[in-house]
Amino acid sequence: HPLIGESESMQRVRELIPKFTSTKEPVFIVGEKGSGRHLLAKHIHQNSERSSMPFIYLNLSALNEKQQWYELFGDGINEPGKLKISEKGTLYLEDIFAITDSVLDEMTTKLSLLKGSFSLLFSSSLSPSNYDNKILPWLPVNQVRIPALRERKGDIMEIAYYYLEFYSKEYQIEGLSFAKGIENQ
């Protein structure tokens, strides 16, 4: 799905995208749940030189320490982890502050060996200033905040119409529309 919205705040986000698509440094995306962090991460990947390579997504908050370890590093024998699979592509780690200390330590070691071999995107609903953790010095300087919908109410109908059309085509349903006057509410 594209990044939708013509609000001033979304225009500022769009202005930053070329900087992020051409950098080899990690990018940190801050935004509330549901604000579109994942869409922004995919958009950055799709507009980068790595767009033909894999985009690998991992939600760290949904995993315990053992699962994080396995997902990122594999089993060390037969199953490669997402760090290896994302080589030459993009690895997007959602909710980066949910990473456990031991996984962070191992990832720091591995990233020093793999530097530049893939693009790394992080996101969180928390601003770094709201979180005291040893990950803070490790976070990239390339940061973008995607605004919540309540901060860009003018974009809501554009988003709603996009999804109405998208799902109408997806499910082959013709004639779907919103109730009259919905835009004025």
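Everything in this summary refers to the structure shown in the same document. (Residues numbered from 1 in each chain as written. Predicted model: local features only at pLDDT ≥ 70, side-chain atom pairs only at ≥ 80, totals over all residues. Heavy atoms only, no water.)

### Some thoughts on a nonpolar patch on the surface
Then step 1. On the surface, Tyr-167, Tyr-171, Ile-173 and Leu-176 cluster together into a nonpolar patch covering about 410 Å² of accessible area.
Then step 2. Mapped onto the fold, Tyr-167 is located in helix 6 (residues 156–170). (Patch = residues over 30% accessible without salt bridge, like charges linked within 9 Å, V, L, I, M, F, W, Y side chains within 5 Å. Areas by Shrake-Rupley, 256 points an atom, 1.4 Å probe, with all protein chains shown as cover. Salt bridge = Lys/Arg side-chain N within 4 Å of Asp/Glu carboxyl O. Helix = DSSP H or I, 4+ residues; strand = E, 2+ residues; numbered from the N terminus.)

### Digging into the sheet that holds strand 2 (residues 55–59)
Then step 1. Strands sit in the order 2-3-4-1-5 across an open sheet of five strands; the sheet is parallel. The sheet is open, and its two borders are formed by strand 2 and strand 5 (142–145), each paired with just one other strand. With strand direction ignored, the average angle separating the axes of adjacent strands in the sheet is 20°.
Then step 2. In the sheet, strand 1 (residues 27–30) pairs with strand 4 (residues 119–124) via four bridges, with the strands oriented parallel. Bridge assignment links Phe-28 to a residue of strand 4, and that residue is Phe-122.
Then step 3. In the packing of helix 1 (residues 8–22) onto the sheet, contacts are made with strand 1 and strand 5, and the angle to strand 5 comes to roughly 155°. (Pairing = 2+ DSSP bridges. Axes fitted to C-alpha atoms, helices over the stretch in contact; angles between N-to-C directions. Contact = heavy atoms within 4.5 Å.)

### Quick look at the packing of aromatic side chains
Then step 1. Counted under the stated rule, the structure contains 10 aromatic pairs.
Then step 2. One aromatic cluster in this structure is built from Tyr-162, Tyr-163, Phe-166, Tyr-167 and Tyr-171. (Phe/Tyr/Trp six-rings, centres within 6.5 Å; stacked < 30°, edge-to-face > 60°.)

### Some thoughts on the pairing of strand 3 (residues 90–94)
Then step 1. With respect to burial, strand 3 is a largely interior element, five of its five residues being buried.
Then step 2. Along strand 3, one buried face is formed by Thr-90, Tyr-92 and Glu-94 and the opposite face, lined by Leu-91 and Leu-93, is buried too.
Then step 3. Here strand 2 pairs with strand 3 via five bridges, running parallel. The partner of Tyr-57 across the bridge, within strand 3, is Tyr-92.
Then step 4. Across four bridges, the pairing between strand 3 and strand 4 is parallel. Bridging across to strand 4, Leu-93 finds its partner in Phe-122.
Then step 5. The parallel pair strand 3 and strand 4, bridged by helix 5 (residues 101–114), forms a crossover whose chirality is right-handed. (Buried < 20%, exposed > 50% of the residue type's maximum accessible area, 1.4 Å probe, protein only. Right-handed = clockwise from strand over helix to strand, strands pointing away.)

### Considerations on the side chain of Glu-94
Then step 1. Relative to the helices and strands, Glu-94 resides in strand 3.
Then step 2. Once residues within four sequence positions are removed from consideration, Glu-94 is found in contact with Arg-37, His-38, Tyr-57, Leu-58, Asn-59, Leu-60, Ser-61 and Ser-123.

### Focus: the packing of helix 3 (residues 65–73) against helix 5
Angle between the axes and distance between the axes are the two parameters that describe a pair of packed helices.
Then step 1. Contact pair helix 3 / helix 5: the axes reach a minimum separation of 9 Å and the direction vectors enclose 15°. Classified by the interaxial angle, the pair formed by helix 3 and helix 5 is roughly parallel. The chirality of how helix 3 crosses helix 5 is right-handed. Residues Glu-65, Gln-68, Trp-69, Leu-72 and Phe-73 of helix 3 form the contact with helix 5, whose participating residues are Ser-102, Val-103, Glu-106, Met-107 and Lys-110. (Parallel < 35°, antiparallel > 145°, perpendicular 65-115°, else oblique. Left-handed = near helix turned anticlockwise from the far one by under 90°.)

### Some points on unusual backbone geometry
Of all residues except glycine, most have a negative phi; of all peptide bonds, most are trans.
Then step 1. Of note in this structure, Lys-88 is not a glycine but carries a positive phi near 70°.
Then step 2. Located in the positive-phi region is Gln-172, a residue other than glycine, with phi close to 50°.
Then step 3. Within the secondary structure, Gln-172 sits in the segment after helix 6.
Then step 4. In this structure Gln-172 comes out as exposed when scored by relative accessible area, which is 72%.

Don't take any of this as a statement about function, it's just geometry.
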